[in-house]
Amino acid sequence: MLTGVIITFHVLISMLLLLLILLKSGRGGGLADMFGGGSGGGSITGSTVVERNLDRMTVITAILFATTTVLLALRLA
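Residues numbered from 1 in each chain as written. Predicted model: local features only at pLDDT ≥ 70, side-chain atom pairs only at ≥ 80, totals over all residues. Heavy atoms only, no water.

The name given to the protein in an unreviewed UniProt entry is Protein-export membrane protein SecG, with the source organism recorded as Egibacter rhizosphaerae. The annotation that UniProt attaches to the protein under Function (unreviewed entry) is "Involved in protein export. Participates in an early event of protein translocation." One UniProt comment on the protein, placed under Sequence similarities (unreviewed entry), says "Belongs to the SecG family." (UniProt positions renumbered as here; feature names shortened; annotations may be inferred.)

And the structure:
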């Protein structure tokens, strides 16, 4: 029963992590430009608040993903 809950949570976290990674900007564009927050002259000003929050959410989701991976490895071993 507990393993099923962990697997379900793991799948949901992995889909969220995939979505967050795809939203992040590469060499240009990204979430800031999509919503009009990017600067026209380049990225001189650094990252916007939206980009920083997206980075934080990605890191938290990645930590949750790693935790559920370890829990599953210990549970199924």
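Now that the structure has been shown, the text picks up again.
**Observations concerning a nonpolar patch on the surface**
Taken together, the side chains of Ile7, Val11, Leu12 and Met15 present a nonpolar region at the surface, about 350 Å² in accessible area. Following the sequence through the fold, Leu12 ends up in helix H1 (residues 2-23). (Patch = residues over 30% accessible without salt bridge, like charges linked within 9 Å, V, L, I, M, F, W, Y side chains within 5 Å. Areas by Shrake-Rupley, 256 points an atom, 1.4 Å probe, with all protein chains shown as cover. Salt bridge = Lys/Arg side-chain N within 4 Å of Asp/Glu carboxyl O. Helix = DSSP H or I, 4+ residues; strand = E, 2+ residues; numbered from the N terminus.)

**Focus: H1**
End to end, H1 covers 32 Å across 22 residues, agreeing with the expected 32 Å (1.5 Å per residue, within 8%). Regarding H1, the residues found buried are Thr3, Ile6, His10, Ile13, Leu17 and Leu20. Taken down its axis, H1 places every buried residue within 105° of arc, on the same side. H1 presents Leu12, Leu18 and Leu22 as exposed residues on the side facing more than 90 degrees away from its buried surface. Buried-residue contacts for H1 involve helix H3 (49-76). (Expected span 1.5 Å × (residues − 1). Buried < 20%, exposed > 50% of the residue type's maximum accessible area, 1.4 Å probe, protein only. Arc of directions from axis to C-beta. Contact = heavy atoms within 4.5 Å.)

**Observations regarding the packing of H1 against H3**
Where H1 contacts H3, the axes come no closer than 9 Å and their chain directions differ by 150°. Here H1 lies roughly antiparallel to H3, going by the angle between them. Considering the relative orientation of H1 and H3, their crossing is left-handed. Among the residues forming the contact of H1 with H3, the class breakdown is 18 nonpolar, seven polar and one charged. (Axes fitted to C-alpha atoms, helices over the stretch in contact; angles between N-to-C directions. Parallel < 35°, antiparallel > 145°, perpendicular 65-115°, else oblique. Left-handed = near helix turned anticlockwise from the far one by under 90°. Nonpolar A, V, L, I, M, F, W, Y, C, P; charged D, E, K, R; others polar.)

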